[in-house]
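Residues per chain, in single letters:
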Amino acid sequence: SALCAGLAGCAGGPQVSRIDDVARSDEGPYENILVVCLAASFDMRRYLETELVSQLSGAGVEAVASTSLMDSRMPAVAATFVDMVEKIGADSVLLTQPVHLESRGSAVTVNPDATYIFRPTYYYNVFTVELEEYVEPPEIRFEHDVTLLVELISVRTREPVWAIRTRSDIVWQAEMERDYSAYVEEAEAVTRELLRDGVIDP
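A quick note: this is a predicted structure, and the numbers were derived from the prediction, not measured.

S.K.: I tried to follow unusual backbone geometry on my own but got confused; where do I start?
M.R.: Across residues other than glycine, the phi torsion is negative in most instances, and most of the peptide bonds are trans. In the Ramachandran plot, Arg158 falls in the positive-phi region, its phi being about 60° despite a non-glycine side chain. Turning to its location among the elements, Arg158 is positioned in the loop between strand S7 (139–154) and strand S8 (160–173). The exposure class assigned to Arg158 is exposed, which follows from its relative accessible area of 67%.

Put into structure tokens, the structure is as follows:
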């Protein structure tokens, strides 16, 4: 899945496009949201859900991550999330799922470090040269083009009332630790659009 690629190293944050062909509802703004991210990796789901809850809570909205109410052995199926909605009394579900992933991998040559030592000899204008060169192994770089579909679903109607797509260009080097900031940027973009469209109210 797209999230399994690791939302990491995304420069400038995701690009957002609105989806207008959803049934708008007059019942908002929504105040109690269950946050659900679908992906094969439980950890990736948990990371993004945690950041979405953090941003929504900062905007004054009650939000609960589905991964905080389950473990990796529980099936990520509709019945599981319906039980969560009833448990927390949610009025909506914020559902995020990958719809496109294009990945490219390449080996990047690392510039070698070289040390030169010049020493004079007994002969005029003649020197000895010692060269010590260290060449690092090539780095493996992955580039991911990731598009996520983000929908807010009304619990009452069970229909999407708001939707966007976010597209991120992600660069990740295998030798480096993954950058958690991309999860933050994704959550910030989603929350910003929810506020801008009046779907949630701080």
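Now that the structure is up, let's keep going.
S.K.: Help me understand the nonpolar core in this model?
M.R.: As a rule of thumb, nonpolar side chains are buried together in soluble globular proteins. In terms of nonpolar packing, the biggest core is built from 26 residues, with Leu52, Leu56, Leu94, Leu152, Trp162, Val190 and Leu194 touching the most fellow members. Within the residue set of this core, elements represented by two or more residues are strand S2 (32–37), helix H1 (42–58), strand S3 (62–65), S7, S8 and helix H3 (181–196). Ranked by residue count, the leading element in this core is H1, at five residues. Not counting chain neighbours up to four residues away, the residues in contact with Leu52 comprise Val35, Cys37, Leu94, Thr96, Ala187 and Val190. Among the nonpolar cores identified, the runner-up in size contains 10 residues, and Leu34, Val36, Val93 and Leu95 belong to it.

S.K.: Whenever I open this one, the side chain of Ser92 confuses me. Can you help?
M.R.: When you line up the elements, Ser92 lands in strand S4 (residues 92–108). Among all residues touching Ser92, those that are not within four sequence positions of it are Tyr30, Asn32, Ile33, Leu34, Leu152, Ile153 and Val155.

S.K.: Explain H3 to me, please; I cannot follow it from the model alone.
M.R.: Between its first and last C-alpha atoms H3 spans 22 Å; for 16 residues at 1.5 Å apiece the expected length is 22 Å, and the two agree. Those residues of H3 lying buried are Ala182, Tyr183, Glu186, Ala187, Ala189, Val190, Thr191, Glu193 and Leu194. Gly198, located one to two residues past H3, shows a positive phi value of around 70°.

S.K.: When you look at helix H2 (residues 78–88) in this model, what are you seeing that I'm missing?
M.R.: Counting along an α-helix, one turn takes 3.6 residues, and residues three or four places apart therefore face a common direction. Among the residues of H2, Thr80, Phe81, Met84 and Val85 are the ones counted as buried. Along the axis of H2, the buried residues cluster in a sector spanning 140°; they form a single face. Projecting away from the buried face of H2 at angles above 90 degrees are the exposed residues Ala78, Asp83 and Glu86. Residue Gly89 follows H2 closely and has a positive phi angle near 65°.

S.K.: Please clarify how the packing of H1 against H3 should be interpreted in this entry.
M.R.: Angle between the axes and distance between the axes are the two parameters that describe a pair of packed helices. In contact at an axis separation of 8 Å, H1 and H3 are set at 45° when each is read in the N-to-C sense. With respect to H3, the element H1 is oriented oblique. For H1 against H3, the interelement crossing comes out right-handed. Contact residues: H1 offers Met44, Tyr47, Leu48, Glu51, Leu52, Gln55 and Leu56, while H3 offers Tyr183, Val184, Glu186, Ala187, Glu188, Val190, Thr191 and Leu194. Grouping the amino acids of the contact of H1 with H3 by side-chain chemistry returns 10 nonpolar, two polar and three charged.

Conventions adopted
Residues numbered from 1 in each chain as written. Predicted model: local features only at pLDDT ≥ 70, side-chain atom pairs only at ≥ 80, totals over all residues. Heavy atoms only, no water. Helix = DSSP H or I, 4+ residues; strand = E, 2+ residues; numbered from the N terminus. Buried < 20%, exposed > 50% of the residue type's maximum accessible area, 1.4 Å probe, protein only. Core = buried A, V, L, I, M, F, W, Y, C linked by side-chain atoms within 4.5 Å. Contact = heavy atoms within 4.5 Å. Expected span 1.5 Å × (residues − 1). Arc of directions from axis to C-beta. Axes fitted to C-alpha atoms, helices over the stretch in contact; angles between N-to-C directions. Parallel < 35°, antiparallel > 145°, perpendicular 65-115°, else oblique. Left-handed = near helix turned anticlockwise from the far one by under 90°. Nonpolar A, V, L, I, M, F, W, Y, C, P; charged D, E, K, R; others polar.

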